[in-house]
Amino acid sequence: MKPIISSIEIENRIIVAKYQRLMVGAKLVLVEKASGRRLTETVTRITSQVPLGALRIRLPDPIAPGTYFLKAINGHGADAAQSADFEIS
């Protein structure tokens, strides 16, 4: 079964991302859609042994408004999942 990022909520510059079937050691990173640039200052690592849950990512002040998505990278460095696009204002 394929890992997924099932939902994204944004409030007060905090992203809450719910995921399923992502294993411990996987990373979530914010990606700017227009450029494809990964924003390394937003990398969050999954530390839970349970393969489902939610992560909170605080957005640094310099993050510009625009369209973004989250990308999950497994422990081997391969792309595992991608969220739907969302807007940051």
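Keep in mind the model is a prediction, meaning the values are calculated, not measured.

A. Main features of the side chain of Lys-71. Examined against the element boundaries, Lys-71 turns out to sit in strand β6 (residues 66-73). A polar atom in the side chain of Lys-71 sits 3.2 Å from the side chain of Asp-79. Look past the residues within four positions of Lys-71 in its chain and what remains in contact with it is Ile-5, Lys-27, Leu-28, Val-29, Val-31, Arg-38, Asp-79, Ala-81 and Gln-82.

B. The sheet that holds strand β5 (residues 52-58), seen in detail. Judged by pairing direction, the sheet is antiparallel, and its three strands sit side by side in the order β1-β2-β5 without closing on themselves. A single partner strand is all that each edge strand has here, and the edge strands are β1 (4-11) and β5. Within the sheet, the average angular offset between the axes of one strand and its neighbour, ignoring direction, is 20°. The pairing of strand β2 (residues 14-20) with β5 spans seven bridges and is classified as antiparallel. Bridging from a neighbouring strand, Lys-18 pairs with Ala-54 of β5.

C. Examining the environment of Gln-20 more closely. Within the fold, Gln-20 resides in strand β2. The spacing of Gln-20 and Ala-81 is 61 residues in sequence and 9.8 Å in space, taken between C-alpha atoms. Discounting residues that sit within four places of it in the chain, Gln-20 has contacts with Pro-3, Ile-4, Ser-6, Pro-51 and Leu-52.

How each quantity is defined
Residues numbered from 1 in each chain as written. Predicted model: local features only at pLDDT ≥ 70, side-chain atom pairs only at ≥ 80, totals over all residues. Heavy atoms only, no water. Helix = DSSP H or I, 4+ residues; strand = E, 2+ residues; numbered from the N terminus. Polar contact = N/O pair within 3.5 Å; in protein donor to acceptor, adjacent residues only side chain to side chain. Contact = heavy atoms within 4.5 Å. Pairing = 2+ DSSP bridges. Axes fitted to C-alpha atoms, helices over the stretch in contact; angles between N-to-C directions.

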